[in-house]
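Per-entry structural report
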Amino acid sequence: MAVSGAVAWEAALVERLARVMPEAEARAYLPLVADIQALKRQHRAVVVAHNYQVPAITAGIADFTGDSLAMARYAARADADTIVVCGVRFMAETAKVLNYGRRVLAPAPEAGCSLADAITAADVRRLREQYPGVPVVAYVNTTAEVKAEVDACCTSGNAVEVVRALGSPRVILVPDRYLAAFVAARVDCEVITWPGACEVHERFTAADIRPFRERGVCVMAHPECPPEVQTAADFVGSTAAMIGYLEARRPERVLLLTECSMADNITVAHPELKFERPCNLCRHMKQVTLESVRDALRDLAPCVEIGPDTARRARAPLERMLAA
Ligand code: 13P
Ligand code: SF4
């Protein structure tokens, strides 16, 4: 018997979500997903999600899911009236700066990031006074005001390339001291940094890894992890780089030292891969829910607002990031 289009998408989504949750839970999401899809059509909206969003969002409603770099690229080119950013505030701000004429909705506008909170625009101005003439690179995990003060932005996916492209003997890279250590080990120049850290990744320790390595588990770490964790891992890279590595190598068992939804999202796409725990939750990322996305699309709020002068000054460093 032929199934209607509506039934077909529902069955396909339940089948995918049931790879990481009970089928009854997957079914319970369907009415909200249908409401959000209808609101997206009504408002000519697209949903862009980070890899740390839950599968109900990434598989259920996102038009695009990726790392911070891919999200920024997608948002910059999005030909939609409204861009809904399922991620934390700096990601929504980045989308707004790169596609200023569009309405950008942040379903959880209070969703922060310990890195973005670690440094202010005034701190960057003081660093410039302390190190005259030294170019400043800001991790994309910063506020628009900080981005407006720097020469280039980067993500964990292209920090090495951005720093190398500056061709300077000294570079200031803020605010993540662990990402800076990752970059410093891969470039020829001196990297000056700032004492910021991700509250999720800094909790991993080398001791967490040892028993897994002994059992032959492939251990992958994000560059926001402490250096001893990076050294003990088989692979270090951005969330997109981790997915690329797994798709190419297909190790039997994997430990991802990053946010917990990463393993769930990869399992939805590749149920044959088997993930070990531990992982850590990002309380900020988890503030975005299907309900908050539905409400944002219904009310067309909260919108991301950035003053035109800040947006103009933040745009050039972000474009350098996209070009690297
Ligand atoms: P990615 O750029 O690897 O997606 O990382 C962003 C982030 O916030 C990691 O904590
Ligand atoms: Fe920020 Fe860390 Fe959460 Fe990423 S995981 S958003 S860096 S607090």
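Going by the structure above, here's the rest.
Residues numbered from 1 in each chain as written. Chains lettered and ligands numbered in written order. Predicted model: local features only at pLDDT ≥ 70, side-chain atom pairs only at ≥ 80, totals over all residues. Heavy atoms only, no water.

The secondary structure content of the chain amounts to 16 helices and 12 strands. Relative to the 2.2 N^0.38 estimate, which gives 20 Å for 324 residues, the radius of gyration of the chain is 20 Å and therefore close to what a compact globule would have. In terms of overall dimensions, the chain has C-alpha extents of about 70 × 55 × 30 Å along its principal axes. Of all 324 residues assigned to the chain, the portion counted as buried reaches 56%. Accessible surface computed for the chain: about 13500 Å², of which carbon and sulfur atoms make up 51%. The positive charge centre, built from 37 side chains, and the negative charge centre, built from 40, are 3 Å apart in the chain. (Helix = DSSP H or I, 4+ residues; strand = E, 2+ residues; numbered from the N terminus. Rg over C-alpha atoms; globule rule 2.2 N^0.38 Å. Buried < 20%, exposed > 50% of the residue type's maximum accessible area, 1.4 Å probe, protein only. Areas by Shrake-Rupley, 256 points an atom, 1.4 Å probe, with all protein chains shown as cover. Lys, Arg positive; Asp, Glu negative; His and termini not counted. Charge placed at Lys NZ, Arg CZ, Asp CG, Glu CD.)

This part is about the packing of helix 3 (residues 30-42) against helix 15 (residues 290-299). A pair of packed helices is captured by two measures, namely the crossing angle of their axes and the spacing between those axes. The geometry of helix 3 relative to helix 15 is characterised by a closest axis approach of 10 Å and an angle of 30 degrees between their N-to-C directions. Taken together, the axes of helix 3 and helix 15 lie roughly parallel to each other. When you trace helix 3 past helix 15, the crossing you get is left-handed. Residues Leu32, Val33, Asp35, Ile36, Leu39 and Lys40 of helix 3 touch helix 15, and the partners they reach there are Leu290, Glu291, Val293, Arg294, Leu297 and Arg298. Along the lines of polarity and charge, the residues of the contact of helix 3 with helix 15 split into seven nonpolar, no polar and five charged. (Axes fitted to C-alpha atoms, helices over the stretch in contact; angles between N-to-C directions. Parallel < 35°, antiparallel > 145°, perpendicular 65-115°, else oblique. Left-handed = near helix turned anticlockwise from the far one by under 90°. Contact = heavy atoms within 4.5 Å. Nonpolar A, V, L, I, M, F, W, Y, C, P; charged D, E, K, R; others polar.)

Before going further, it helps to spend a moment on the site of ligand 1. Around ligand 1 sit His50, Tyr52, Asp67, Ser68, Asn141, Ser156, His201, His222, Glu224, Ser238 and Thr239, and that is every residue in its neighbourhood. Side-chain polar atom of Ser156 to an oxygen atom of ligand 1: 3.2 Å apart, as the coordinates give it. Residue Thr239 places a side-chain N or O atom 2.8 Å away from an oxygen atom belonging to ligand 1. When ligand 1 sits alone it has 300 Å² of accessible area, and the protein chains cover 96% of it. Taken together, the residues of the shell around ligand 1 break down into one nonpolar, eight polar and two charged. (Near = heavy atom within 4 Å. Polar contact = N/O pair within 3.5 Å; in protein donor to acceptor, adjacent residues only side chain to side chain.)

Right, let's talk about the state of the cysteines for a bit. Cysteine pairs can be linked by a disulfide, which is a covalent bond between their two sulfur atoms. By the definition in use, this model includes one disulfide. A sulfur-sulfur distance of 2.2 Å marks the disulfide that ties Cys260 to Cys279. As the torsion about the S-S bond is roughly 105 degrees, the Cys260-Cys279 disulfide counts as right-handed. One end of the pair, Cys260, is in helix 14 (residues 260-269); the other, Cys279, is in the loop between strand 12 (274-276) and helix 15, and 19 residues separate them in sequence. Neither Cys260 nor Cys279 differs from the other in exposure class; each is buried. (Disulfide = S-S within 2.5 Å.)

Turning our eyes to something else, we now look at the pattern of salt bridges. Applying the stated criterion across every chain, the model contains 24 salt bridges. Across the pair Arg313 and Glu149 runs a salt bridge whose closest N-O atoms are separated by 3.7 Å. Of this pair, Arg313 sits in helix 16 (residues 308-323) while Glu149 is found in the loop between helix 8 (144-147) and strand 6 (152-154), placing the two residues 164 residues apart along the sequence. What makes Glu149 buried here is its relative accessible area of 15%. Arg283 serves as the salt-bridge partner of Glu199, at 2.7 Å between the closest nitrogen and oxygen. Of this pair, Glu199 sits in the loop between strand 8 (190-192) and helix 11 (206-214) while Arg283 sits in the loop between strand 12 and helix 15; the two residues are 84 residues apart in sequence, bridging distant segments of the chain. (Salt bridge = Lys/Arg side-chain N within 4 Å of Asp/Glu carboxyl O.)

So, on to the sheet that holds strand 2 (residues 64-66). In space, the four strands of this open sheet follow the order 2-1-3-4, with parallel pairing throughout. A strand with exactly one partner marks an edge of an open sheet, and here the two such strands are strand 2 and strand 4 (103-105). This sheet shows a mean twist of 20 degrees between the axes of neighbouring strands, independent of strand direction. Inspection of the sheet shows strand 1 (residues 45-50) paired to strand 3 (residues 82-86) by five bridges, in the parallel sense. Directly across from Val47, in strand 3, lies its bridge partner Val84. (Pairing = 2+ DSSP bridges.)

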